[in-house]
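# Structural overview for review
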Amino acid sequence: MGSILWLLIGIVIISAISGSLIFEFLTPHSDSSMTSLEKKCEDIAKEGFRIHVMYPDLQPNQLPSADMNRLMYLDEIWIKDCVSRLPAESVFNIIQKVEHDFYSGE
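All figures in this text were calculated on a predicted structure; none of them were measured in a lab.

To continue, consider the packing of helix H3 (residues 65–83) against helix H4 (residues 88–104). With their axes 11 Å apart at the nearest point, H3 and H4 run at an angle of 130° to one another. It follows that H3 is oblique to H4 by the angle criterion. Each of Trp78, Cys82 and Val83 in H3 lies in contact with H4, whose residues at this interface are Val91, Ile94 and Ile95.

See below:
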């Protein structure tokens, strides 16, 4: 009776481990695509932040036309590619990183 119990416990443990490995193997990993998207979004945020810092007290319609057009284009890409495709936590992390890097001189 005791050996049957140990055999059943062993089968349950092996089944759980096998199921976990199969699930891990079958689950798609998109870390590389998210990393490239996050990098793209970080570059967009850096350029937009640079323009905002150049004109801290001006509204977008008061900027020189080239900078206003560039800022509007960056805002459109930011919304379309970053805000709508990344989790909110990633977006906030990118924003915090860009601000931190700028103010720390990196």
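Moving on to the packing of aromatic side chains. Scanning the entire structure with this criterion turns up three aromatic pairs. Seen from their ring centres, phenylalanine 49 and tyrosine 103 are 6.0 Å apart, and the 85° between their planes marks the pair as edge-to-face. Here phenylalanine 49 is found in helix H2 (residues 31–54), whereas its partner tyrosine 103 is found in helix H4, with 54 residues between them in sequence. Using a relative accessible area of 62% as the deciding quantity, one classes tyrosine 103 as exposed. Through successive ring pairs, a cluster of aromatic residues spans Phe49, Phe102 and Tyr103.

When pLDDT is averaged along the chain, the result is 85; 91% of the residues meet or exceed 70. For the chain, helix H1 (residues 2–26) is the element with the lowest average pLDDT, namely 79, and H3 is the one with the highest, namely 92.

As a further point, take the layout of surface pockets. For the largest pocket, the calculated volume is near 230 Å³. Ranked by the residues each element gives to the lining of the largest pocket, the list is headed by H2, at five residues. When the residues that make up the lining of the largest pocket are grouped by side-chain class, the tally is eight nonpolar, two polar and two charged.

This part takes up the nonpolar core. Counting 17 residues, the largest nonpolar core has Cys41, Ile44, Ile51, Trp78, Cys82, Leu86 and Ile94 as its most contacted members. Of all the secondary structure elements, the ones that give two or more residues to this core are H2, H3 and H4. Of all the elements, H2 adds the most residues to this core, at six residues. Here isoleucine 94 is in contact with Glu38, Cys41, Glu42, Ala45, Trp78 and Leu86, once residues within four sequence places are set aside.

Time to look at a nonpolar patch on the surface. A contiguous nonpolar surface patch, about 660 Å² in accessible area, is contributed by Leu5, Trp6, Ile9, Ile13, Ile17 and Leu21. Its place among the elements puts leucine 5 in helix H1.

Further remarks concern H4. Residues spaced three or four apart along an α-helix face the same direction, because each turn holds 3.6 residues. Over its 17 residues, H4 runs 24 Å from end to end, which matches the ideal 24 Å to within 8%, given 1.5 Å per residue. For H4, the complete set of buried residues consists of Ser90, Val91, Ile94, Val98 and Asp101. In a view along the axis of H4, the buried residues occupy a sector of 105°, so they form one face of it. Opposite the buried face of H4, at more than 90 degrees from it, the exposed residues are Glu89, Phe92, Gln96 and Tyr103. Downstream of H4 by a residue or two, glycine 105 has a phi angle that is positive, lying close to 85°.

Turning next to the state of the cysteines. Under the criterion given, the structure shown has one disulfide. For cysteine 41, the disulfide goes to cysteine 82, at an S-S distance of 2.0 Å. In this structure the cystine formed by cysteine 41 and cysteine 82 twists about its S-S bond by roughly -105°; its chirality is therefore left-handed. Separated by 41 residues along the polypeptide, cysteine 41 in helix H2 and cysteine 82 in helix H3 bring together distant segments of the chain. Each member of the pair, cysteine 41 together with cysteine 82, is buried.

Cut-offs and rules
Residues numbered from 1 in each chain as written. Predicted model: local features only at pLDDT ≥ 70, side-chain atom pairs only at ≥ 80, totals over all residues. Heavy atoms only, no water. Axes fitted to C-alpha atoms, helices over the stretch in contact; angles between N-to-C directions. Helix = DSSP H or I, 4+ residues; strand = E, 2+ residues; numbered from the N terminus. Parallel < 35°, antiparallel > 145°, perpendicular 65-115°, else oblique. Contact = heavy atoms within 4.5 Å. Phe/Tyr/Trp six-rings, centres within 6.5 Å; stacked < 30°, edge-to-face > 60°. Buried < 20%, exposed > 50% of the residue type's maximum accessible area, 1.4 Å probe, protein only. pLDDT = per-residue confidence, 0-100. 1 Å grid on protein atoms, 1.4 Å probe; cavity = no way out; pocket = protein on both sides within 12 Å on 5 of 7 lines; lining within 4 Å. Points joined across faces, edges and corners; volume = space filled by probe spheres on them. Nonpolar A, V, L, I, M, F, W, Y, C, P; charged D, E, K, R; others polar. Core = buried A, V, L, I, M, F, W, Y, C linked by side-chain atoms within 4.5 Å. Patch = residues over 30% accessible without salt bridge, like charges linked within 9 Å, V, L, I, M, F, W, Y side chains within 5 Å. Areas by Shrake-Rupley, 256 points an atom, 1.4 Å probe, with all protein chains shown as cover. Salt bridge = Lys/Arg side-chain N within 4 Å of Asp/Glu carboxyl O. Expected span 1.5 Å × (residues − 1). Arc of directions from axis to C-beta. Disulfide = S-S within 2.5 Å.

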